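# Structural overview for review
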Amino acid sequence: MTFGASSSVTLLFDFWDVHGPAGMVLSVFVVFLLTVFYELLKVWRVWLGSKSRLAQPPSFYSPPQSQCSNPVLVSTPSESSLTPMQPEHLVSSTSNSWLLHGIQTLLHMLQVTLGYILMLCVMSYNTWIFIGVIVGSVLGYFISFPLLGRI
């Protein structure tokens, strides 16, 4: 198979049959928007993961309060010096973590599905669709990369 620059292509399904330049421009625009959304979805998942408590599971151990005056010894707890703490709000955080885990799972499923759809669009071996995916990925990354710095 080789890439072709034709304005006639069938994308994904039989009903998405493109004939002519106007249909190709519209199809490239749709694929472009799907790719930008894919890149933004990746950042949204990272943001949601950083805001959830799934990223940092709660620790039920803390170092004991020491009477020692040496700050080096106080700041480096050993495994034997950890004392168990009582869990606070365990029920509410568990239900929130399950909800966040469910949302993360749905977003992951959407991201994987969208990735495969875009891969199949590229596998149509149409040059214009390929360029739409590449430019959409570049623009989506360009838009979403600064958002990663704010997380």
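Values in this document were obtained by computation on a predicted structure and should not be read as measured data.

## Describing the UniProt feature "transmembrane region" (unreviewed entry) in the protein chain
Sequence positions flagged by UniProt for "transmembrane region" (unreviewed entry) are, in local numbering, residues 20-41, 98-119 and 125-148. Each end of residues 20-41 is marked by a C-alpha atom, and these two atoms are 32 Å apart; helix forms 95% of the span and strand 0%. The span residues 98-119 shows a helical share of 100% and a strand share of 0%, and its end C-alpha atoms are spaced 31 Å apart.

## What about helix α4 (residues 127-149)?
If you check α4, its first and last C-alpha atoms are 34 Å apart, about what 23 residues at 1.5 Å a residue would give, namely 33 Å. The axis of α4 is deflected most strongly, by about 25 degrees, at Ile-143, and proline Pro-146 appears within four residues downstream.

## A word on the side chain of Asn-126
For Asn-126, the position within the fold is in the loop between α3 (90-122) and α4. When near neighbours in sequence (up to four residues on either side) are disregarded, Asn-126 contacts Phe-3, Gly-4, Ser-6, Val-9 and Met-24.

## Brief notes about the packing of aromatic side chains
Under the definition given, this model contains five aromatic pairs. For the pair Phe-3 and Phe-130, a centre-to-centre distance of 5.2 Å together with 55 degrees between the ring planes defines the contact as tilted. Linking Phe-3 in the segment before β1 (8-10) with Phe-130 in helix α4, this pair joins segments that are 127 residues apart in sequence. Members of the aromatic cluster, connected to one another through ring pairs, are Phe-3, Tyr-125 and Phe-130.

## Comments concerning the pattern of salt bridges
Using the criterion set out here, one finds one salt bridge in the structure. As a salt-bridge pair, Glu-39 and Lys-42 come within 3.2 Å of each other at their nearest N and O atoms. Residue Glu-39 and its partner Lys-42 are both found in helix α1 (residues 21-51); the two are separated by three residues, about one turn of the helix.

Conventions adopted
- Residue positions within a chain follow its written sequence, with the count starting from 1.
- Local features in this predicted model are restricted to residues of pLDDT 70 or higher, and side-chain atom pairs are both shown and tallied only at a pLDDT of 80 or more, whereas totals for entire chains, interfaces and linings draw on every residue.
- Note that water and hydrogens are dropped before the side-chain values are worked out from all heavy atoms of the structure.
- UniProt positions are given in the numbering used here, feature names are shortened, and annotations may be inferred rather than shown by experiment.
- In this text, helices come from DSSP runs of H or I with a minimum length of four residues, and strands from runs of E with a minimum of two, each type numbered from the N-terminal end.
- Helix span, as expected, comes to 1.5 Å for every residue beyond the first.
- Given a residue, its bend is the angle between the two axes fitted to the seven residues that end at it and to the seven that start from it.
- Throughout, a contact is declared for two residues whenever any of their heavy atoms are within 4.5 Å.
- Each Phe, Tyr or Trp ring, with Trp reduced to its six-membered ring, pairs with another whose centre is within 6.5 Å; inter-plane angles below 30 degrees give stacked pairs, above 60 give edge-to-face pairs, and intermediate values give tilted ones.
- Salt bridges, as used here, are contacts in which a Lys or Arg side-chain nitrogen is within 4 Å of a carboxyl oxygen on Asp or Glu.

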